[in-house]
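Here is how the chains run, residue by residue.
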Amino acid sequence: MSINLIVLYWNYIIVIMLMMAGLYIIISNQNFIKKLVGLSIFQSSVFIFYISLGKVSGGTAPILTGIEDTVYSNPLPHVLILTAIVVGVATNALGLALVVRIQEAFKSIEEHKLLALKKEDGLKDIQIEDSKEDSAV
Amino acid sequence: MLILDNIPALLVAIPLLASAVVSLLPSARIAWGFAFVTTLICLYMAFELVGIISSTQALSYAFGGWEPPWGIVFVLDSANVYLVLLVAFVSVIATLYAYTMLAREIAVEDLPKAYAVWLLAIASLFGLAMTGDAFNLFVFLEISALSSITLIALGAGQDRRALLAAYNYLIIGAIGATFYVIGVGYLYAATGSLNLIDITDRLNELGTNQAAITGLAFMLAGIMVKAGVFPVHIWLPAAYSYAPSAVSSLLAAVATKVAIYYFARLLFGIFIDITQLVDFFLLYILMPVSVLAIFYGTIAAIYQSDFKRLFALSSIAQIGYITFAFSLNSHSGISAGFIHIINHALIKGALFMAVGIFALGIGSRATMSSMQGVGRQMPITFAGFVLAGLALIGVPLTAGFISKLYLFKAIFETGNGFYVALIALSSVLSVLYLWKIFEVMWLKEPVQPLKIDKEPASAYLPVWLMVGVIMIFGVYSGEVISSGIGAANALIGAR
Amino acid sequence: MSDLQLLLAISLVMPLLSALAVLVFSNQENIRDICGPVGGLITFISAIFIASAIMDGKTVSITLWQIAPGIGFSFAVTPLGALFGLVASGLWILASIYTVGYMRGAKEKNQTRFAFYYAVAIHAAMAISYSGNLMMLFIFYEVLTFSTYPLVAHSQTKEARNAGRLYMGILVATSLLLFLPAIFWVWTVSGTLEFTKGGILPADFPPFLVSVMLAMFAFGIGKAALMPIHRWLPAAMVAPTPVSALLHAVAVVKAGVFSVLTITVYVKAGVFSVLTITVYIFGIDFLNTTGSAVWLAWLAAFSILASSIIAITKDDLKARLAYSTISQLSYIVLGAALATAAATEGAALHIVMHATAKITLFFCAGAIYVNAHIKKISELDGLGPKLPLIFIAFFLASLSIIGIPPMGGSWSKFLLMAGSVDAGMPLMLAVLAISSLLNVYYLLEPCARAFFKPAIKDVHVENHILTIIPPVVTAMISLSLFFTIDWVRPLTTLMVMP
């Protein structure tokens, strides 16, 4: 890949890097809050993607200036991003609220510990079943 | 007249506003009553819509008077109007069911807020079904996801694993939705429009465009997450299994179906002219994935002892049938898929509701060992459950049979005997897990007395209403069949 | 509603009413036990009227609603259906009398449940005979399977439940894997499922696909017990050996009564379905010209000989009769596969002849058990003089199956032989002849032992009259069918007429 392409499309490369970084954090990190941070990073890469799409070469910010023959960048992606940001905020808020509840219920927000606790819950279910069968017989 | 003209908007607006009001109401009963009346109003409006579409074939509602392609529109045609009716009907029944069941599974002081989120979920499903704008769909997708997550997390009162399931769904759902948005971005870059019909026209002019193809790929990936298509279904079993029963019923019945409808619209309505891509995707990606979904779901269900999880896995298999029907890439295939969307929604809704009542009866989760003989202790609910189970297998005189009939018709038209064998084999396998359940619940002696005096009529009434409709659709199937064919006509034109 | 439609409705509804009456009178044993025979009588009389109307060339049908385009929920009477309706209802009368005597003798519990499901099964059989299209046939075929499950698993022991699972497993699996998809296939290709003389498949349907479709039907209709889908039959009929003598009696009784039921309606419903499908969905001429049933004829021939040979090796009387049944059912499938007028008539008549003969043989086997407590053929030596009527009935029924005049079975065998010549497969004559010889051996052996061998030990013999009368009656019917063949022949002639 030539230096030319990198220079021309540096913003898209950042989009890809952010996207991958975000996904990586979600998948690999054990802490639930950090996963949410990863999700935010992933979503912000999309924001940058849209804004990059909206840029018209030689265009200025899409705010009416009153000067004639101004080239404006496309305002629509900006609007879409505002919506997406709001959605991201809501998602984050809900996620964090869930993390608080998880902490209260499980006393941990680390993935490996939570999986172990979940498994224990499952085993408890089976034990209850077994004891019921015993009492039935 | 004012109302009738604005029904599409009202179908979303009324539950939304009602949700705000309900969250402030003091008593759980009043909150429920308000929610129930709202769903009834939506049902009435949905019927009106069906009437309008049967005469005018298509309806386009522009918000704020802004004409497409600049404004956001809600589009109704034979493909989605029956889906809207389905969502309305199921929400009425589920809300009726929630009166008894949600109250027993969630703390009383939380109920008004629960109903508020419930109405939000319903509003978002209407929006999803009707919208004709790609980005607007993302918004409704997220509203639906967030409200579903909240509803699922409410199950934490009974089992704390509901929180983990909700979190899982949040992460995976958000990734899916973001993929969808990336897809919309590519599509916008290629066509310059967000209106679905406009995009279709512009794609026709463009021909094969790399950006459009990439956009489609991302959009489909995102929708598949929401629809619970294998292998991105992983959030589904845990979510349906730990959520409160009323929530499981509502979500299992309609939430994934709306996403599948949109999936079909993308593939057949919008991208249909990029034939090499769509054909390739359907044959080499969707079909193997659907077959895997069918067998994975069925076989995992056979080995599963927790009832709710079992039926969640069964849902994955059934969604596999629907996507398999679509992957046949024919008019009959699309009809068969849409017919099964309607029938399966009713069947799964009834099944989950019945399982909830059984769990209530014994005071703990419904599993193979805890459910011994419970069928004899709760015969009315069990009878409805059995009928819904027979419909799931596809016994004649139930709605499930009509789905099977048209699915096989579509398969035979492709002339491929291998597909016939696959689907026939999976039908036999699905009999296995239902037979196991029947044996445990009816043929064995009860091991413990029930925790309740008798089956709550207010809870099994919704089950029987659903079952009644399932049986009626099994006998008088003309409406469902013509809705499926109408959907196929709307998407790819009459054959 | 015309008179004929009323009769049709009566013959369908009567068994259900009988079932209901059994439930209602479950505590009054005598009334309850009359419900079966009375219901059977009424149904049989309606079936006679319907059959004679069909012989006069009339038609009758009832359509309730449309399930899907081209498939209606309808009942209609084909000549073959009229014949089978007579068989099912007639033998119900006798079987229900026998059942009552039997179960009372063993002080059976849950007799009500047994009688109830028995009546429902008969209703399913009547609905199968009078089904208006292939979908109705399938629906009631499944109803028959499900309504007989409680009869198989009746004793609710672990063995019974396992037997029930095997039984249901094989039958449901074959019907869902093969039978139902085949029906869907026919519907997709022809747009209809109505039974029409000459068949409904399009003329240009490739012969290879016809063979595939035929195979799906032949193996999918598990009740016809065509090899290799035959294993469920001996398993369901021969009781497992339980622990105590009491249980032993109970289990065997159940199996005994169920064997009778199995013979009268169950397997017959299976071969009836196969025959109806070959005549009215494929069409005899169509099969003939495409030659797509030849492989089935050979498979049926193999099944006939193999099961006869296995029958010879069995010492348990009921097991031997079970394999004999499999063999005889394959005769009917052979007749259907030969696809000529004579062969098809022979097959249809064989349904009647075999049913009467086999029910006699199973009645006798049960009677031998209840009266002398003997199950094995090797222990039958010298029993003849002690149970003369039973063994004479056994002898007569054996003659009918072997195909010797003046027993009814000779007619069906003769027609099957004529049919194989017409079909240009004279080798089948040899198959039928060899099979008759084998029949002689394994069916006459019990009688020979009973009359010509000295008694091994002193056996105490009871005389429960209710177990002796039915086999004698059915043996007489078998005999009389030779002479009164023209009472039923018109139906089969109508079936094969162009």
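Residues numbered from 1 in each chain as written. Chains lettered and ligands numbered in written order. Predicted model: local features only at pLDDT ≥ 70, side-chain atom pairs only at ≥ 80, totals over all residues. Heavy atoms only, no water.

1. Digging into the side chain of Ser46 of chain C
Stated precisely, the cut-off is as follows: Where helices and strands are cited, they refer to DSSP runs of H or I of at least four residues and of E of at least two residues respectively, numbered from the N terminus. Throughout, a contact is declared for two residues whenever any of their heavy atoms are within 4.5 Å.
Of note, Ser46 of chain C is situated in helix H2 (residues 29–55). Those residues within four positions of Ser46 of chain C in sequence are excluded, and the remaining contacts are Leu7, Ile10 and Ser11 of chain C.

2. Let's talk about the domain arrangement of chain A
Residue and element names in this part refer to chain A. Quick reminder of the rule: An automatic or database domain assignment supplies the start and end points of every domain. Once two parts are brought into contact, the accessible area they lose, counted with a 1.4 Å probe and summed over both, makes up the buried area. Within this document, salt bridges are pairs made up of a side-chain nitrogen of Lys or Arg and a carboxyl oxygen of Asp or Glu, the two lying within 4 Å of each other. Each polar contact in these results corresponds to two N or O atoms within 3.5 Å; when the atoms are within protein, one needs to be able to donate a hydrogen and the other to accept it, and residues that are neighboring in sequence are counted only if both atoms are side-chain atoms.
Partitioning chain A into structural domains gives domain 1 (1–59 + 73–106) and domain 2 (109–137). Look at where the C-alpha atoms of domain 1 and domain 2 centre, and you get two points 38 Å apart. Summing the contributions of domain 1 and of domain 2, the shared interface buries around 800 Å²; its carbon and sulfur component is 60%. Considering only the side of domain 1, the residues that lose the most area to domain 2 are Gln30, Phe32 and Phe106, jointly responsible for 62% of the buried surface there. Across the domain 1-domain 2 interface, the total number found is one salt bridge. Counting every contact that joins domain 1 to domain 2 gives five residue pairs in polar contact (both at pLDDT 80 or more).

3. Notes on the interface of chain A and chain B
Interface extent is often summarised as the accessible area lost during association of the parts. Contact with chain A, which involves 40 residues of that partner, is made by 37 residues of chain B. Both sides together, the interface formed by chain A and chain B hides about 3,500 Å², and carbon and sulfur atoms give 76% of it. Counting the contacts that link chain A with chain B gives one salt bridge. Among the ionic pairs, Arg160 of chain B bridges to Asp121 of chain A, the shortest N-O distance being 3.0 Å. Our count for the chain A to chain B interface comes out at six residue pairs in polar contact (both at pLDDT 80 or more). Elements with a contribution of two residues or more to the side of chain A that touches chain B: helix H2 (10–28), helix H3 (32–54), helix H4 (75–106) and helix H5 (111–136) of chain A. Among the elements that line the side of chain A that touches chain B, the one with the most residues is H4 of chain A, at 16 residues.

4. Topic: the interface of chain C and chain B
At the interface, 24 residues of chain C touch 26 residues of chain B. Here chain C meets chain B over a buried area of about 2,100 Å², counting both sides, of which 81% is carbon and sulfur. At the surface where chain C touches chain B, the tally comes to zero salt bridges. The tally of links between chain C and chain B comes to one residue pair in polar contact (both at pLDDT 80 or more). Where the side of chain C that touches chain B is concerned, the elements lending two or more residues are strand E1 (61–68), strand E2 (71–76), helix H5 (134–152) and helix H6 (158–190) of chain C. Sorting elements by how many residues they give to the side of chain C that touches chain B places H6 of chain C first, with 13 residues.

5. So, unusual backbone geometry
Applicable threshold: The classification of residues rests on relative accessible area computed with a 1.4 Å probe and restricted to protein chains. Under 20% of the type maximum is buried, over 50% is exposed, and intermediate values are partly exposed.
With an omega of -5°, the peptide bond between Phe230 of chain B and Pro231 of chain B qualifies as cis. Residue Pro228 of chain C follows Met227 of chain C across a cis peptide bond; omega there is 5°. The residue Pro228 of chain C is located in the loop between helix H7 (207–220) and helix H8 (232–237) in this model. The phi dihedral of Lys107 of chain A falls on the positive side, at around 65°, and the residue is not glycine. Exposure remark for Lys107 of chain A: the relative accessible area of 63% places this residue in the exposed category.

6. Side note on the pattern of salt bridges
Residues and elements named next belong to chain A. Tallied over the entire structure, the rule returns 15 salt bridges over all chains. Two residues, Lys35 and Glu111, come together in a salt bridge whose shortest N-O distance is 2.9 Å. Of this pair, Lys35 sits in helix H3 while Glu111 sits in helix H5, and the two are 76 residues apart along the sequence. Residue Lys35 is classed as buried on the basis of its relative accessible area of 6%. Taking relative accessible area as the criterion, Glu111 reaches 24% and is therefore assigned partly exposed.

7. Considerations on the packing of aromatic side chains
The cut-off we apply is this: For Phe, Tyr and Trp, rings pair up if their centres lie within 6.5 Å, where Trp contributes its six-membered ring, and each pair is then called stacked (planes under 30 degrees apart), edge-to-face (over 60) or tilted (otherwise). Whether a charge sits over a ring depends on NZ of Lys or CZ of Arg being within 6 Å of the ring centre and within 35 degrees of the ring normal.
Evaluation of the coordinates by the stated rule reveals 54 aromatic pairs over all chains. Centre to centre, the rings of Trp235 of chain B and Tyr240 of chain B are 6.2 Å apart; their planes meet at 90°, and the pair counts as edge-to-face. Considered together, Trp235 of chain B and Tyr240 of chain B belong to a single accessibility category, that of buried residues. Each residue in the set Tyr169, Trp235, Tyr240, Phe311, Phe352, Phe358, Phe382, Phe385, Trp435, Phe438 and Trp442 of chain B is aromatic and connected to the rest through ring pairs, giving one cluster. The ring centre of Tyr321 of chain B lies 5.5 Å from the NZ or CZ of Lys404 of chain B, which sits over that ring. Cation over ring: Lys223 of chain C sits above Tyr141 of chain C, and NZ or CZ is 3.3 Å from the ring centre.

8. Concerning the confidence of the model for chain C
Residue and element names in this part refer to chain C. Put simply, the rule is: Here pLDDT means the predictor's own confidence in every residue, given as a number from 0 to 100.
Within chain C, residue pLDDT values average 81, and 90% of them lie at 70 or more. By mean pLDDT, helix H9 (residues 245–282) is the weakest element of chain C at 66, and helix H11 (residues 294–313) is the strongest at 90. Overall, residues 239–253 carries pLDDT values under 50, and its contacts beyond four positions in sequence, including any with other chains, amount to 17 contacts. Interface confidence in the predicted complex, given as ipTM, is 0.91; pTM for the same model is 0.87.

9. Details of the environment of Phe281 of chain B
Checked against the element boundaries, Phe281 of chain B lands in helix H12 (residues 275–303). For Phe281 of chain B, the contacting residues outside a window of four places in its chain are Leu220, Met224, Phe263, Leu267 and Leu286 of chain B.

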